[in-house]
Amino acid sequence: LPSVIAPADGCITPGENRQLSATVNIDGRIKIYRQISERLHRAVESTVSRQEFDGIPAMLHCWKDRLTASLKDIEAKVNRQKKSGALIDYEIQVRKAIFYVNDARLKAPYTQQDDFDSWIAQAKLVHQKFVDILFQR
């Protein structure tokens, strides 16, 4: 399990890492994944609002990695027979984040468009898989 959780670049906090390691229940972990995604969303939002685009590629890369790692964990462990409320909340959070990042991309320098596009593509894929899990498609 730790290989799914371990952040390659230290972009999740030690507290978040401890919570993930200590939480066995998948719904509990999904809630933590959503909190991490919300925190990264807020970080990107505030950085974009200050027009400090230098740190954005690293943030987007980290966030994309977290979404991908959470998807692997969720696909492996979630009960597909019952709709997870935690997964529904996470799905909504990711959907809103996709809209926000798409808008933020328009404000970003040309040189960062690929970073935004890459995040959006991966987030859409993760979101679609969450929808597939929730609605048994």
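Just so it is clear, the model here is predicted, and its values are computed rather than measured.

Reading the values: the criteria
Residues numbered from 1 in each chain as written. Predicted model: local features only at pLDDT ≥ 70, side-chain atom pairs only at ≥ 80, totals over all residues. Heavy atoms only, no water. Helix = DSSP H or I, 4+ residues; strand = E, 2+ residues; numbered from the N terminus. Expected span 1.5 Å × (residues − 1). Buried < 20%, exposed > 50% of the residue type's maximum accessible area, 1.4 Å probe, protein only. Contact = heavy atoms within 4.5 Å. Core = buried A, V, L, I, M, F, W, Y, C linked by side-chain atoms within 4.5 Å. Disulfide = S-S within 2.5 Å. Phe/Tyr/Trp six-rings, centres within 6.5 Å; stacked < 30°, edge-to-face > 60°. Polar contact = N/O pair within 3.5 Å; in protein donor to acceptor, adjacent residues only side chain to side chain. Salt bridge = Lys/Arg side-chain N within 4 Å of Asp/Glu carboxyl O.

S.K.: Describe in detail helix 6 (residues 113-135), supporting the description with residues and values.
M.R.: Helix length check: helix 6, at 23 residues, gives a terminal C-alpha distance of 32 Å against a target of 33 Å (1.5 Å per residue), a fit within 8%. The complete set of buried residues in helix 6 reads Gln-113, Phe-116, Trp-119, Ile-120, Ala-123, Val-126, His-127, Phe-130, Val-131, Ile-133 and Leu-134. Buried residues in helix 6 make contact with helix 4 (56-77) and helix 5 (85-107). In the segment just after helix 6, Gln-136 is the residue with positive phi, at about 55°.

S.K.: Before we move on, could you go through the nonpolar core and cite the residues and values that matter?
M.R.: By size, the foremost hydrophobic cluster in this structure holds 38 residues, and its most contacted members are Trp-63, Ile-74, Tyr-90 and Trp-119. Mapped by element, the contributors of at least two residues to this core are helix 3 (26-49), helix 4, helix 5 and helix 6. With sequence-adjacent residues up to four places away left out, Trp-119 is seen in contact with Leu-60, Trp-63, Lys-64, Leu-67, Ala-97, Ile-98 and Val-101.

S.K.: Can you lay out unusual backbone geometry for me, pointing to particular residues and giving the numbers?
M.R.: The phi dihedral of Gln-51 is positive, around 55°, even though this residue is not glycine. Its place among the elements puts Gln-51 in the loop between helix 3 and helix 4.

S.K.: Residues and numbers for the state of the cysteines, please.
M.R.: Going through the model one piece at a time under the given rule, you end up with one disulfide. Here Cys-11 is linked by a disulfide to Cys-62, with a sulfur-sulfur distance of 2.0 Å. For the disulfide bridge between Cys-11 and Cys-62, the dihedral angle about the S-S bond is near 90°, and by the sign convention the bridge is right-handed. Of this pair, Cys-11 sits in the loop between helix 1 (2-5) and helix 2 (14-22) while Cys-62 is found in helix 4, placing the two residues 51 residues apart along the sequence.

S.K.: An account of the packing of aromatic side chains is needed here, citing residue identities and associated values.
M.R.: Taken as a whole, this structure holds two aromatic pairs when the rule is applied. Between Trp-63 and Trp-119 the ring centres are 4.5 Å apart and the planes differ by 45°, which places this aromatic pair in the tilted class. Here Trp-119 lies in helix 6 and Trp-63 lies in helix 4, a separation of 56 residues in the sequence. According to the relative accessible area criterion, Trp-119 is buried, its value standing at 1%. Taking the centre distance of 5.0 Å and the plane angle of 45° together, the rings of Tyr-90 and Phe-130 count as tilted. Separated by 40 residues along the polypeptide, Tyr-90 in helix 5 and Phe-130 in helix 6 bring together distant segments of the chain.

S.K.: Kindly report on the side chain of Glu-91, identifying the contributing residues and their values.
M.R.: Position of Glu-91 among the secondary structure elements: in helix 5. Since its relative accessible area comes to 8%, Glu-91 is described here as buried. Side-chain polar atoms of Glu-91 contact the side chain of Arg-95, separated by 2.9 Å. Other than its neighbours up to four places away in sequence, Glu-91 contacts His-127, Phe-130, Val-131 and Leu-134.

S.K.: Which residues make up the pattern of salt bridges, and what values do they have?
M.R.: Across all of its chains, the model carries eight salt bridges by this definition. The residue Glu-52 makes a salt bridge to Arg-50 at a minimum N-O spacing of 3.0 Å. For Glu-91, the salt bridge identified is with Arg-95, shortest N-O distance 2.9 Å. Separated by four residues within a single helix, Glu-91 and Arg-95 lie in helix 5, roughly one turn from each other.

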